[in-house]
Amino acid sequence: MKKSNRVRAIHRRAVFGWVLVASLTLLPAPLVVHAEATIISAEQASRRVADGELLIIDVRTSAEWRETGVPAGAARANIFDGDFLQRVKTAVSGNLSRPIAVICARGNRSTEAEALLSQAGFTNVRNVKEGMLGSAHGPGWLAGGHPTERCANC
């Protein structure tokens, strides 16, 4: 291959790469659909927990756990603690594909937790984005009357 042909081939690949990057930046809809697909309602999560299909991870602080209780059967892992990922790994006995759902007060910290867990290799994470107290995504775990348990050792 002549030098000019090689230069043109490299140039074409570079242009294709930039077009691909630009198209991904300008077309975020598939990314939004994926994010929405991970949201689970408190109602659905409660039902799946009752059926033994899902583990809830409450990512709030111990003060919040004491104040409102936690979803019945939920594991607790404060997202602000340095051992957050290890606590979740322990809760699932190292099974990173176990179905889990993260919950916080109103859906902000659970969204952050979902991203952290996905980056850490968890493959089956859902987000109860309405949270314990309710948000634009729904009335919340407490208002929905879903089972809770007091947290005595928090």
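Throughout what follows, the structure given in this document is the object of discussion. Because the structure is predicted, anything quoted here is derived from the model rather than measured.

## Details of the environment of Leu85
Item 1. One can find Leu85 in helix H5 (residues 84-91).
Item 2. Between the C-alpha atom of Leu85 and that of Ala120, which follows or precedes it by 35 residues, the distance is 7.8 Å.
Item 3. For Leu85, the contacting residues outside a window of four places in its chain are Leu116, Leu117 and Ala120.

## A few points about the pairing of strand S5 (residues 125-128)
Across a regular strand the side chains alternate sides, sitting on one face of the sheet and then on the other.
Item 1. Pairing of strand S4 (residues 100-103) with S5 involves 4 bridges; the strand directions are parallel. By the bridge assignment for S5, Ile100 is matched with Val125.
Item 2. Assessed by its sense of winding, the connection that carries the chain from S4 through helix H6 (residues 108-119) to S5 is right-handed.

## Quick look at the packing of aromatic side chains
What describes a pair of aromatic rings is the distance from one ring centre to the other and the angle between the planes of the rings.
Item 1. In total, this model carries 0 aromatic pairs according to the counting rule given.
Item 2. Just above the ring of Trp65 sits the side chain of Arg76; from NZ or CZ to the centre is 5.7 Å.

About the thresholds
- Residues take numbers from 1 onward in each chain, read along the sequence in its written order.
- Predicted model: local features are reported for residues with pLDDT of at least 70 only, side-chain atom pairs are reported and counted for 80 or more only, and whole-chain, interface and lining totals are derived from all residues.
- With hydrogens and water stripped out, all remaining heavy atoms of the structure feed into the side-chain values.
- Where helices and strands are cited, they refer to DSSP runs of H or I of at least four residues and of E of at least two residues respectively, numbered from the N terminus.
- Any two residues having at least one pair of non-hydrogen atoms within 4.5 Å are treated as being in contact.
- We treat two strands as partners when DSSP finds at least two bridges between them.
- Viewed with both strands pointing away, a crossover whose connecting path from the first strand over the helix to the second turns clockwise is right-handed.
- Between the rings of Phe, Tyr and Trp (Trp by its six-membered ring), a pair exists once the centres lie within 6.5 Å; its type follows the angle of the planes, with under 30 degrees stacked, over 60 edge-to-face, and the other angles tilted.
- Both a distance and an angle decide whether a charge sits over a ring: NZ of Lys or CZ of Arg must be within 6 Å of the ring centre and within 35 degrees of the ring normal.

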